[in-house]
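Chains, contacts and geometry: an overview
What follows is the residue order along each chain.
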Amino acid sequence: MYLGAYNACLHDKPLGEALDIIAGLGLTSAEINSGGFLPPVHLPIEALRSSEDARQEYLGEFSSRGLTLTALNCNGNPLHPDPQVPHAKDLIESIEIAGLLGVRRVVTMSGTPGVDAGSSQPAWNPLPWWSPFLDVRDFQWGAAIPFWKDIQARAADADVKVAIEMHPGNIVFNPSTMHRLAEEVGATHIGAEMDPSHLFWQGIDPVLAIADLGDLVYNAAAKDTRINDAAKVNGVLDDRFTRIAEGEPGYLHLGGGTTLSGWPTNPSWDFVAVGRGHDTAYWTEFLRALHKVDPDMPVNIEHEDQELDQMEGLRFAANTLIEAEKAL
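Notes on the structure in this doc start here. (Residues numbered from 1 in each chain as written. Predicted model: local features only at pLDDT ≥ 70, side-chain atom pairs only at ≥ 80, totals over all residues. Heavy atoms only, no water.)

A few points about the sheet that holds strand β10 (residues 298-301)
Put simply, the rule reads: Any two strands with at least two DSSP-identified bridges between them are counted as paired. Strands are runs of DSSP state E lasting at least 2 residues, helices are runs of H or I lasting at least 4, and numbering of each runs from the N terminus. Inter-axis angles, ranging from 0 to 180 degrees, are taken between N-to-C directions of lines fitted to C-alpha atoms, where helices are fitted over the stretch in contact.
In space, the eight strands of this closed barrel follow the order β1-β2-β3-β4-β5-β6-β7-β10, with parallel pairing throughout. In this sheet, adjacent strand axes meet at a mean angle of 30° when their direction is disregarded. Pairing geometry for strand β7 (residues 217-222) and β10, over three bridges, is parallel. Counted as the bridge partner of A222 is I301 from β10.

Structure representation (structure tokens):
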């Protein structure tokens with residue numbers, strides 16, 4: 001399998017230095033951000049679009065270090081009702097650039113529209129137990145399907161697989177909604193990115209989710225989740241997030257005038273480095289399930305452990321994954 005890392009946590013370093021770090025951890029894969037919530041710091045889009053020489057030189061940065069560029073990552077909300085939010089454009093551009101580079105995967109999110117045609121903000125609607133929520137669900141899927149049919153056509157033309165991270169806050173957040181999108185658009189080039197971290201806190205077993213989705217799984221992230229004791233009181237749907245002002249620690253611009261929210265104090269769950277929420281034996285089962293779908297599946301570390309710095313988190317996760325693979 002390809003074990004690697006997503007470059008977002010290394011955006012403070014030049015591309016070459018970031019790739020040296022990834023290769024130095026004994027990894028063989030890299031996933032590079034191409035827009036969406038984060039800017040494409042390590043992806044010179046205009047140069048890559050205009051020059052085959054530039055594309056070959058860029059790919060050489062990876063191959064010279066024993067790395068394969070396995071995916072571009074354009075996570076964002078491509079269904080945002082505000083046309084000033086550029087995530088849909090970024091996704092379309094990412095598919096184009098991936099095709100030109102010969103990179104066969106683009107990771108993204110399914111997105112979330114507003115509640116009706118007059119909305120200016122997205123709204124997540126995961127539990128439509130009451131008929132007005134069913135109305136919202138129907139409107140949102142009605143808005144999503146034409147967009148994703150267009151993405152399916154673009155991805156097929158470019159021979160690029162679009163892997164959707166099943167992320168709460170989006171219309172696709174679990175296997176059943178992933179199946180629905182794939183069926184509604186007649187997907188041949190749209191499937192799932194298996195990021196277990198967002199499944200863990202929903203109470204979903206990622207190994208069972210992989211078995212359920214099967215060939216729809218195109219790519220995987222390596223990110224763990226620790227369920228804390230606070231979940232016994234507040235549950236996992238914990239809304240105690242806060243605003244972070246520009247200039248304050250943790251401020252992060254996410255495109256279109258939006259920002260990352262502040263994490264709750266004493267949260268119900270935390271994202272942690274691979275192995276800090278589930279042991280190595282679990283990660284062996286995770287890799288084994290992915291291997292059954294595709295023996296060449298890329299599994300790229302996404303470091304978001306706030307208790308470890310970038311190098312501690314990457315090193316801990318890489319060591320766990322490498323040990324887990326040895327037990328396959």
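Brief notes about the nonpolar core
Nonpolar side chains tend to gather and get buried jointly when the protein is soluble and globular. Filter applied, for reference: Residues enter a nonpolar core if they are buried and are Ala, Val, Leu, Ile, Met, Phe, Trp, Tyr or Cys, with the set joined through side-chain atoms within 4.5 Å. Using a 1.4 Å probe on the protein chains alone, a residue whose accessible area is under 20% of its type maximum counts as buried, one over 50% counts as exposed, and one in between counts as partly exposed. Here, two residues are considered to be in contact whenever any of their heavy atoms come within 4.5 Å of each other.
Counting 74 residues, the largest nonpolar core has W148, M194 and F286 as the members making the most contacts within it. Sorting elements by how many residues they give to this core places helix α5 (residues 131-158) first, with seven residues. Beyond its immediate stretch of four places on either side in the chain, F286 contacts M194, P196, P206, V207, I210, A220, A221 and V299.

Comments concerning the packing of α5 against helix α6 (residues 175-185)
The test is simple: Working definition: roughly parallel below 35 degrees, roughly antiparallel above 145 degrees, roughly perpendicular at 65 to 115 degrees, and oblique for all remaining angles. For any helix crossing, the convention is left-handed if the near helix is rotated counterclockwise from the far helix by under a right angle, and right-handed if that rotation is clockwise.
In the contact formed by α5 and α6, the axes pass within 9 Å of each other and the chain directions differ by 60°. Between α5 and α6, the interaxial angle falls into the category oblique. Handedness of the α5/α6 crossing: right-handed. Only T177, R180, L181, E184 and V185 of α6 make contact with α5, whose side of the interface consists of R137, W141, I145, W148, K149 and Q152.

Some thoughts on the packing of aromatic side chains
What counts is decided by this rule: Note on aromatic contacts: the rings of Phe and Tyr and the six-membered ring of Trp form a pair at centre separations within 6.5 Å, being stacked when their planes are under 30 degrees apart, edge-to-face when over 60 apart, and tilted otherwise. Cation placement over rings: the criterion is NZ of Lys or CZ of Arg within 6 Å of the ring centroid and within 35° of the ring normal.
Considering all chains together, one arrives at 15 aromatic pairs under this definition. Here the aromatic rings of W263 and W269 are separated by 5.1 Å at their centres, their planes lie at 85°, and the arrangement is edge-to-face. By relative accessible area, which is 36% here, W263 ends up partly exposed. These aromatic residues form a ring-pair network of at least three members: W201, F241, W263, W269 and F271. A cation over an aromatic ring shows up here: K161 above the ring of Y218, its NZ or CZ 4.4 Å from the ring centre.

A short note on the pattern of salt bridges
Quick note on the threshold: Note on definitions: salt bridges are taken to be side-chain nitrogens of Lys or Arg within 4 Å of carboxyl oxygens of Asp or Glu.
In this structure the tally under the stated criterion is 22 salt bridges. Between R240 and D238 there is a salt bridge, with its nearest N and O atoms 2.6 Å apart. A residue is classified by how much of its surface remains accessible, and D238, at 11% relative accessible area, is buried. A salt bridge links K326 to E323, with the shortest nitrogen-to-oxygen separation between them at 3.0 Å. Here K326 and its partner E323 are both found in helix α11 (residues 310-326), three residues apart, which amounts to about one turn of the helix. Residues participating in the shared-partner salt-bridge network are R226, D270, R276, D305 and E307.

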